Amino acid sequence: MIVDQIGLSLSQVAALLEALRRRGETVATAESLTAGLVSAVLTDVPGASDVVRGGLIVYATDLKAELAGVDRELLAAHGAVHPRVAEMLADGARRRCGADWGIGLTGVAGPDPQDGVAPGTVHLGFAGPDGTTVRSVRLDGDRHAVRAAAVRVALEHFAGLLR
């Protein structure tokens, strides 16, 4: 199971999905750095289709604008790894997939910097019924470790928002 590779238990993810069910809400993702891993982890749980609407894999910078609606001027001025990009990815996922919540992830897994941004830099955006929030973190490890930790941190933070 994919969830095992991320450092979360299936019961943790199931509890997050159950929280959405109790609230009568849904979630969608727009993922760059993680290329669909958040959606894959969420859908490792049977019955996830009740609350997971879908997701956008926007690995290429131009797709962040085209599919998720990230402002092209923002991308040109600051690059793809920026807190506001994560916020706009989350909002884009929410709007484009017709979900109550959107989760957006952007960052640098490494091994090399991107646009002058160090590997391990990750921005997580969350858009919900009451607005948006961004959490920025610095994660250690190789490419796999950074991506796995980004998924784990995103889902743990999202679970906290649902409490």
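In what follows, the accompanying structure is described. (Residues numbered from 1 in each chain as written. Predicted model: local features only at pLDDT ≥ 70, side-chain atom pairs only at ≥ 80, totals over all residues. Heavy atoms only, no water.)

**A word on helix H2 (residues 10–23)**
1) Next: Its 14 residues give H2 an end-to-end C-alpha distance of 20 Å, which sits within 8% of 20 Å, the value for a rise of 1.5 Å per residue.
2) Next: All of the buried residues along H2 are Val13, Leu16, Leu17, Ala19 and Leu20. Summarising the axial view, the buried residues of H2 lie within an arc of 145°, below the 170-degree limit, and thus occupy one face. Structural note: H2 exposes Ser11 and Arg22 on the side pointing more than 90 degrees away from its buried face.
3) Next: The secondary structure elements touched by the buried residues of H2 are helix H1 (2–6), strand E1 (27–31), helix H3 (37–42), strand E2 (52–57), strand E3 (101–107) and helix H7 (143–162).
4) Next: Directly beyond the C-terminal end of H2, a positive phi value near 70° is found at Gly24. (Helix = DSSP H or I, 4+ residues; strand = E, 2+ residues; numbered from the N terminus. Expected span 1.5 Å × (residues − 1). Buried < 20%, exposed > 50% of the residue type's maximum accessible area, 1.4 Å probe, protein only. Arc of directions from axis to C-beta. Contact = heavy atoms within 4.5 Å.)

**Section: unusual backbone geometry**
1) Next: In the segment running from Gly110 into Pro111, the intervening peptide bond is cis, with an omega of 15°.
2) Next: Along the polypeptide, Pro111 turns up in the loop between E3 and strand E4 (121–128).
3) Next: We note that Ala35 has phi near 45°; this positive angle belongs to a residue other than glycine.
4) Next: Of note in this structure, Asp115 is not a glycine but carries a positive phi near 50°.
5) Next: If you trace the backbone, Asp115 turns up in the loop between E3 and E4.

**Focus: the environment of Leu56**
1) Next: Looking at the secondary structure, you find Leu56 in strand E2.
2) Next: By relative accessible area, Leu56 is classed as buried at 14%.
3) Next: Remark: the alpha-carbon pair of Leu56 and Ala68, spanning twelve residues in sequence, is separated by 7.3 Å.
4) Next: The residues contacting Leu56, other than those within four sequence positions of it, are Thr29, Ala30, Glu31, Leu67, Ala68, Ala93 and Arg96.

**Some remarks on the pairing of E4**
Two faces belong to every sheet, and in a regular strand the side chains alternate between them.
1) Next: In terms of burial, E4 is largely enclosed, as eight of its eight residues are buried.
2) Next: Residue alternation in E4 divides its side chains into two sets, Thr121, His123, Gly125 and Ala127 and Val122, Leu124, Phe126 and Gly128, and both sets are buried.
3) Next: Here E3 pairs with E4 via six bridges, running antiparallel. In the sheet register, Gly107 faces E4, and the bridge partner there is Val122. (Pairing = 2+ DSSP bridges.)

**Observations concerning the pattern of salt bridges**
1) Next: Scanning all chains against the criterion turns up five salt bridges.
2) Next: Close ionic contact of Asp50 with Arg21 constitutes a salt bridge, the shortest N to O distance being 3.2 Å. You can see Asp50 sitting in the loop between H3 and E2 and its partner Arg21 sitting in helix H2, a full 29 residues away along the chain.
3) Next: Residue Asp50 is classed as exposed on the basis of its relative accessible area, which comes to 51%.
4) Next: Each of the salt bridges in this network shares a partner with another, and the network as a whole consists of Glu18, Arg21 and Asp50. (Salt bridge = Lys/Arg side-chain N within 4 Å of Asp/Glu carboxyl O.)

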